Amino acid sequence: MRLDKFISESTLLTRSLAKKALHRGEVTVDGQVIKDGSFKLNESQKVCLDGEPISLIGPRFIMLHKPADTLCSTVDEVYPSVLNLLELPHKDDLHIAGRLDADTTGLVLITSDGQWSHRVTSPKRECGKTYLVQLADPLKAEWVEQFATGLALRSEEGLTKPAKLELLGSHEARLTITEGKYHQVKRMFAAVGNKVVRLHRESVGEIVLDESLAPGEWRYLTEDEIASVK
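Each chain has its residues counted from 1, running along the sequence as written. In keeping with the predicted nature of the model, local features appear solely for residues at pLDDT of at least 70, side-chain atom pairs appear and are counted solely at 80 or more, and the whole-chain, interface and lining totals rest on all residues. Only heavy atoms go into the side-chain values, all of them from the structure, while hydrogens and water stay out.

A. Quick look at the overall build of the protein. Regarding its fold elements, the protein presents six helices and 13 strands. For a compact globule of 230 residues, the expected C-alpha radius of gyration is about 17 Å, and the protein comes in at 23 Å, more than 25% above that figure. Along the first, second and third principal axes, the C-alpha set of the protein runs to 75 × 35 × 30 Å. Buried means the residue's accessible area, taken with a 1.4 Å probe over protein chains only, is under 20% of the maximum for its type, while exposed means over 50%, and partly exposed covers the values in between. Going through the 230 residues of the protein one by one, you find that 43% of them count as buried. Sequence-distant contacts in the protein: of pairs separated by 6 or more residues, those separated by 24 or more amount to 63%. Carbon together with sulfur atoms contributes 50% to the accessible area of the protein, which is approximately 12,700 Å² in total. Once the 30 positive and 34 negative side-chain charges of the protein are each reduced to a mean point, those two points are 5 Å apart. Strands are runs of DSSP state E lasting at least two residues, helices are runs of H or I lasting at least four, and both sets are numbered from the N terminus onward. When we talk radius of gyration, it's over C-alpha atoms, and the globule rule is simply 2.2 Å times the number of residues to the 0.38. Should any heavy atoms of two residues lie within 4.5 Å, those residues are considered in contact. For every accessible area listed, the method is Shrake-Rupley and the probe measures 1.4 Å; residues are considered covered only by the protein chains on display. For the purpose of counting charges, residues Lys and Arg are taken to be positive, whereas Asp and Glu are taken to be negative. His and the chain ends are not included. Where a charge lies is defined by one atom per residue type, namely NZ (Lys), CZ (Arg), CG (Asp) and CD (Glu).

Shown next as structure tokens:
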């Protein structure tokens, strides 16, 4: 890889700023100052910028506690994108693995690994997503079986896949689904005559939202969390 490209892909610097750093003698390769951006690196060589070692940014896996009034989108629209909450270089390489509505809070997974993201979102993988749901009207015990059997949603063919509904109170439930249809949780409760007034995603597969993260905060996933998505 060219040295100027390596610097750009390892730091916040654009290619032009990387070249300026090179010309100022701020870059060393194995302890030797290199000013030529076209210098070809091999994997064993150590590159330093201002005396600090730098390395390529590898695949990234992030857990974000999504606040309300943000979008799971790569661009700002009516509301700002959740990516604005990440102070990271090369955010263009990141994408969101499974989206939440603007008013929904909770766990969002962000990654630069497309295959990993596909395993999270593909219906064939049946990766469970668990939500804490607040309802406008009282819950009914018979809905547990209806959700487990499958519901007919407007403008959809067939029934939803079996879902696990746990009644927590008169107006509160925990729901686990393995699909990701448009507004699915809200539409499922609408199908039984109720309305979701608050929705919070607690987990995706075995990855559970870190309770220490306040809305808007994030952290990198652990190796075990990454490996749990198979």
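There's more to say after this.
B. Looking closely at the sheet that holds strand E3 (residues 47–49). Strand order in the open sheet formed by four strands is E2-E1-E3-E4, and the pairing between neighbours is antiparallel. Bordering the open sheet on either side are strand E2 (32–33) and strand E4 (52–54), each of which pairs with just one other strand. Think of it this way: DSSP has to see at least two bridges between two strands before they count as a pair. As defined by bridge partners, E3 adjoins E4 across three bridges and the pair is classed as antiparallel. Bridge assignment links valine 47 to a residue of E4, and that residue is isoleucine 54.

C. Looking closely at the packing of aromatic side chains. Between the rings of Phe, Tyr and Trp (Trp by its six-membered ring), a pair exists once the centres lie within 6.5 Å; its type follows the angle of the planes, with under 30 degrees stacked, over 60 edge-to-face, and the other angles tilted. One pass over the structure, following the stated rule, counts three aromatic pairs. Ring centres of phenylalanine 147 and phenylalanine 189 lie 5.0 Å apart, and the angle between their planes is 45°; this geometry places the pair in the tilted category. Here phenylalanine 189 lies in helix H5 (residues 184–191) and phenylalanine 147 lies in helix H4 (residues 143–149), a separation of 42 residues in the sequence. What makes phenylalanine 147 buried here is its relative accessible area of 0%.

D. Molecular detail of the layout of surface pockets. In this analysis a 1.4 Å probe is tested at points of a 1 Å grid over the protein atoms alone, and where it fits but cannot get out there is a cavity; an open set with protein on both sides within 12 Å along at least five of seven lines is a pocket; lining residues have an atom within 4 Å of a point. Grid points are joined across faces, edges and corners, and a volume is the space filled by probe spheres set on the points. As a volume, the largest pocket reaches approximately 560 Å³. Lining the largest pocket we find 26 residues, and of these Arg99, Leu100, Asp101, Lys181 and His183 sit closest to its centre. Listing elements by their share of the lining of the largest pocket, those giving two or more residues are helix H3 (114–121), strand E8 (129–135), H5 and strand E11 (196–204). In terms of residue count, the dominant contributor to the lining of the largest pocket is H5 (three residues). The classification used treats Ala, Val, Leu, Ile, Met, Phe, Trp, Tyr, Cys and Pro as nonpolar, Asp, Glu, Lys and Arg as charged, and all other residues, Gly among them, as polar. Its residues assigned to classes, the lining of the largest pocket shows 11 nonpolar, seven polar and eight charged.

E. Broad picture of the pattern of salt bridges. A side-chain nitrogen of Lys or Arg and a carboxyl oxygen of Asp or Glu constitute a salt bridge if their distance falls within 4 Å. Evaluation of the coordinates by the stated rule reveals 13 salt bridges. A salt bridge links aspartate 101 to lysine 186, with the nearest nitrogen and oxygen atoms 3.1 Å apart. Here lysine 186 lies in helix H5 and aspartate 101 lies in the loop between strand E6 (95–96) and strand E7 (105–111), a separation of 85 residues in the sequence. Of the residues examined, lysine 186 reaches a relative accessible area of 23% and is grouped as partly exposed. Glutamate 225 is paired through a salt bridge with arginine 219; the nearest N and O atoms lie 2.9 Å apart. Residue class for glutamate 225 comes out buried when judged on its relative accessible area of 13%. According to the relative accessible area criterion, arginine 219 is partly exposed, its value standing at 21%. Salt bridges sharing partners connect three or more residues here, namely Glu156, Glu179, Lys181 and Arg187.

F. Structural detail: the nonpolar core. Nonpolar cores are built from buried Ala, Val, Leu, Ile, Met, Phe, Trp, Tyr and Cys residues. Side-chain atoms within 4.5 Å join them into one set. Residues Ile110, Val133, Phe147, Leu175, Val185, Met188 and Phe189 are the most contacted members of the largest nonpolar core, which totals 31 residues. Those elements that place two or more of their residues in this core are strand E5 (61–66), E7, E8, H4, strand E10 (172–177), H5 and E11. With 14 residues, the next largest nonpolar core counts Ala97, Leu109, Leu221 and Val229 among its residues.

G. Inspection of the side chain of glutamine 184 at higher detail. Of note, glutamine 184 is situated in helix H5. A distance of 3.2 Å separates a polar atom in the side chain of glutamine 184 from a polar atom in the side chain of glutamate 179. Once residues within four sequence positions are removed from consideration, glutamine 184 is found in contact with Thr160, Ile177 and Glu179. Side-chain atoms alone can form a polar contact between residues adjacent in sequence; in general such a contact is a pair of N or O atoms within 3.5 Å, and within protein one must be able to donate a hydrogen while the other accepts it.

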